[in-house]
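Topology and contacts: notes
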Amino acid sequence: MRNVSEVFDAGEGVEVELRGWVWRKRSHGRLLFIDLRDSTGVIQVAVNAGRVGPESFEEASKASRESSVLVRGIIAHDPRAPGGVEVRCTYFKTIGQSLDDFPIRKGVTSRVLYDNRHLYLRSPRVTAVMRIRSNLIWAVHEFFRSRGFVEIDCPTLVTAAVEGGATLFEVNYFGKKVYLTQSVQFYQEAAIYSLERVYSIQPSFRAEKSRTTRHLTEFWHVEAEMAYAGFEDLLKTIEELVRYIVIRVDELSKKELRTLGRRIRTEEVEGPFPRITYAEALDILRRHGVDAEWGIDIGADEEKIISGEFEKPVFLTHFPKKLKAFYHKPDPSNREVTLSADLLAPRGNGEIVGSGVRIDDYEELRSRILEEGLRPEDYYWYLDLRKYGSVPHAGFGMGVERVLKWILDLPHVRMAAPFPRTPTRIQP
Ligand code: NSS
C-alpha cells in the first residue's frame, strides 16, 4: 500500500494501490478523471473504459464526491496532470459511497463551511493547516524538552479565577459552582517547587463575548513556569521559544505551505525583539492621535497601532498594576507598574504571549488578593506556595491559534482550530 505523496516521488510505470476519497471528478464519456485525496495529498486518477474491466468502470462512474475508494493503477508522468503525475487505473472499487451531495463546495458561505467543519476538515487547505498546527505543537515540545522542562498535566475544572472573574465559564459540579480553567498557571507554580521548570499544552477557556478575529472561547494554551527566573530570563525564554517554533515550523511544513501558497516570514524573528514599556506605548498612541491616558487598556486597536511600528514581534512591558491580575510582581523601582510583558505579533496580529514575574512574598500576595476584592480562602493553596520555601519565579502563556494566525496570515483564529469554539459556535 502506498500513499499519494509517495506516488509523486515514485518512478514511471510503478504499480500502486491507493485508498482515499474522491475529491473531484470530471467525466469525458469513456474517460473519467478522479482527483483522489488521502491524508498526504491529492492525485489525478485516470479511469479509461478501454483499460479497466467493466465492473471497475461502473464503480468509478457511480462514485460521487467524497466516496471512499480503493484504486490500483500504474504511475504515469504526464505534464497535463496536476503535479505532472497521474495514476492510470487498472482496478477501482468503492468502499463507502457518499449518500448525499457533499455540502463543501466552492462559493459557499463561511457559515456553511463552519456548520460543516466535520466535513470541511477534509479540504486539502484545512488539512495543511492542521498538519502545520501539529508541527507547531511538536516544535513546542522539542523546545521545552531540550531545555530540561518537564511537561505537567493540570486540571480543567477549577474553583477560582486566574485571569479575573469576568471571563469565567461556570460548571455545575454536583451542585457546587466551579469553573473551566482560564490558565494552568497556579498549578504550574505549585509544580516548580519539585520540578523547577515545567510546561503544559492544554485548552483554556474564556467566556469572552468579544467577536474579534482573535478570540476563541476555548483555545490551546502553551504555558511555562520557571523557578528562580527573573524578568530578563522570562523575556529571553519567550523570545527564544517564539524564534525556535517559527523557524522549526517553516522547516517542517514546506509541503503544507506550498498547498496554502503561503511563506512563513522567518525574517520577522531574526535578531532581538524590540521592547517598549507601557508608558512608551502611550507615547506612540498619542502620536497617532489616540487620547491615551495613563491606565487605559491596550485593546486590539491600540495593539495594531503599536505593532505597526515594528517589523518584528515587540514586547510591551511594565503594565500598570491595575491592568494586570493580582499575582503580578510590582517593579521594585516603580511599584505602580508590574514586571509583566505581552508579546505583540507584527502586522496587526496583536498579543500572542502574556507573561510576568510572580509575587513570591506571602504577605504581599495576600494583601493584593484582598485589594482586588478576592477571598484569600479561595486561594489558600496558592498562598501556601509562598509559605514553604518560596522562590522568585516567572512564567508565561502563549495562544496556539494566535501564533498560527500570525505566521500563516489567517484572517481568523478559528481557521487554526479543528473545531473552533466562539460565542456563536459550539458545534460541531
Ligand atoms: O490571559 S493571558 O494573557 N495570560 C495568562 O493566561 C497567564 N495566566 C499565562 C501564564 O502566565 N501562564 O493569556 C495568554 C495568551 C494570550 O497572549 C493569547 O495568546 C492567548 O493566551 N489567549 C487567547 N487566545 C485565543 N482566544 C482567547 N480568548 C485568548 N485569551 C488569551
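Residues numbered from 1 in each chain as written. Predicted model: local features only at pLDDT ≥ 70, side-chain atom pairs only at ≥ 80, totals over all residues. Heavy atoms only, no water.

1. Describing the overall build of the protein chain
Quick reminder of the rule: In this text, helices come from DSSP runs of H or I with a minimum length of four residues, and strands from runs of E with a minimum of two, each type numbered from the N-terminal end. Burial status follows relative accessibility: with a 1.4 Å probe on protein chains alone, a residue under 20% of its type maximum counts as buried, one over 50% as exposed, and anything between as partly exposed. Pairs of residues are marked as contacts when any of their non-hydrogen atoms sit within 4.5 Å. In these tables, accessible area is a Shrake-Rupley quantity obtained with a 1.4 Å probe, and a residue counts as shielded only by the protein chains included in the view. For the purpose of counting charges, residues Lys and Arg are taken to be positive, whereas Asp and Glu are taken to be negative. His and the chain ends are not included. Charge coordinates come from a single atom per side chain, which is NZ of Lys, CZ of Arg, CG of Asp or CD of Glu.
Scanning the protein chain for helices and strands turns up 13 helices and 18 strands. In terms of principal-axis extent, the alpha carbons of the protein chain reach across some 85 × 50 × 40 Å. Within the protein chain, the proportion of its 428 residues that are buried is 51%. Partitioning the contacts of the protein chain with sequence separation of at least 6, the portion at a separation of at least 24 is 66%. About 20,200 Å² of surface is accessible on the protein chain, with carbon and sulfur atoms providing 50% of the total. Measuring between centres, the 62 positive side-chain charges of the protein chain sit 6 Å from its 62 negative side-chain charges.

2. Regarding the side chain of threonine 40
Short version of the rule: Definition of a polar contact: a pair of N or O atoms within 3.5 Å, with one able to donate and the other able to accept a hydrogen when the atoms are protein atoms, and with sequence-neighbouring residues admitted only if both atoms are side-chain atoms.
Within the secondary structure, threonine 40 is located in the loop between strand E2 (31-38) and strand E3 (41-48). A polar atom in the side chain of threonine 40 sits 3.0 Å from the backbone nitrogen of serine 5. For threonine 40, the contacting residues outside a window of four places in its chain are Asn3, Val4, Ser5, Arg131 and Lys255.

3. Quick notes on the pairing of strand E17 (residues 350-357)
Applied cut-off: A pair of strands is treated as paired once DSSP finds two or more bridges between them.
Within E17, six of the eight residues are buried, which leaves the element mostly enclosed by the surrounding structure. Sheet topology places E17 next to strand E18 (residues 393-399); five bridges connect them, and they run antiparallel. Along E18, the bridge assignment pairs glycine 354 with glycine 397.

4. Here we look at the sheet that holds strand E5 (residues 85-96)
Operational definition: Here an axis means a line fitted to C-alpha atoms, over the contact stretch when the element is a helix, while the angle between two N-to-C directions is reported on a 0 to 180 degree scale.
Strand order in the closed barrel formed by five strands is E1-E2-E3-E5-E4, with mixed pairing between adjacent strands. When the angles between neighbouring strand axes are averaged without regard to direction, this sheet yields 55°. Where strand E4 (residues 68-77) and E5 come together, ten bridges link them in antiparallel fashion. The residue bridging valine 71 from the neighbouring strand is phenylalanine 92, located in E5.

5. Some details on the site of the ligand
Stated precisely, the cut-off is as follows: If a single non-hydrogen atom of a residue is within 4 Å of a molecule or strand, that residue counts as near it. Gly is placed with the polar residues, together with every amino acid not listed as nonpolar (Ala, Val, Leu, Ile, Met, Phe, Trp, Tyr, Cys and Pro) or charged (Asp, Glu, Lys and Arg).
Taken together, 22 residues surround the ligand, and among them Glu163, Gln185, Arg206, Glu223 and Glu351 come closest. Between an oxygen atom of the ligand and a main-chain N or O atom of valine 353, the distance comes to 3.3 Å. Of all the elements in the fold, those that place two or more residues in the shell around the ligand are strand E11 (218-227), E17 and E18. Split by residue class, the shell around the ligand holds six nonpolar, eight polar and eight charged.

6. Quick look at the domain arrangement of the protein chain
Counted only if it meets this: Where a domain begins and ends is set by an automatic assignment or by a domain database. Any carboxyl oxygen of Asp or Glu that lies within 4 Å of a side-chain nitrogen of Lys or Arg is treated as forming a salt bridge with it.
Per the domain assignment, the segments of the protein chain are domain 1 (4-96) and domain 2 (115-416). The C-alpha centroid of domain 2 is placed 46 Å from the C-alpha centroid of domain 1. At the junction of the two partners, domain 1 supplies eight residues and domain 2 supplies six residues. Summed over the shared surface of domain 1 and domain 2, the number is one salt bridge. Arginine 122 is the partner of glutamate 66 in a salt bridge, and the nearest nitrogen-oxygen pair spans 2.8 Å. Along the contact surface separating domain 1 from domain 2 lie three residue pairs in polar contact (both at pLDDT 80 or more). Per-class residue counts for the side of domain 1 that touches domain 2 are three nonpolar, three polar and two charged.

7. Describing the nonpolar core
We apply this condition: We call a set of buried residues a nonpolar core when its members are Ala, Val, Leu, Ile, Met, Phe, Trp, Tyr or Cys and they connect through side-chain atoms within 4.5 Å of each other.
Core analysis: the biggest nonpolar cluster contains 57 residues, and Phe144, Val242, Met398, Trp406 and Leu408 have the highest contact counts within it. Looking at this core, the element that brings in the most residues is helix H5 (residues 124-145), giving eleven residues. When sequence neighbours within four positions are dropped, the list of residues in contact with valine 242 reads Val269, Phe273, Leu343, Met398 and Trp406.

8. What to know about unusual backbone geometry
Looking along the chain, the bond that leaves glutamine 427 and enters proline 428 is cis, with omega of 5°. Relative to the helices and strands, proline 428 is located in the segment after helix H13 (400-408). Backbone geometry places glutamate 196, a non-glycine residue, at a positive phi of 70°. Here glutamate 196 lies in the loop between helix H6 (185-195) and strand E10 (197-205). Phi at aspartate 409 is positive, roughly 60°, even though this residue is not glycine. You can see aspartate 409 is positioned in the segment after H13.

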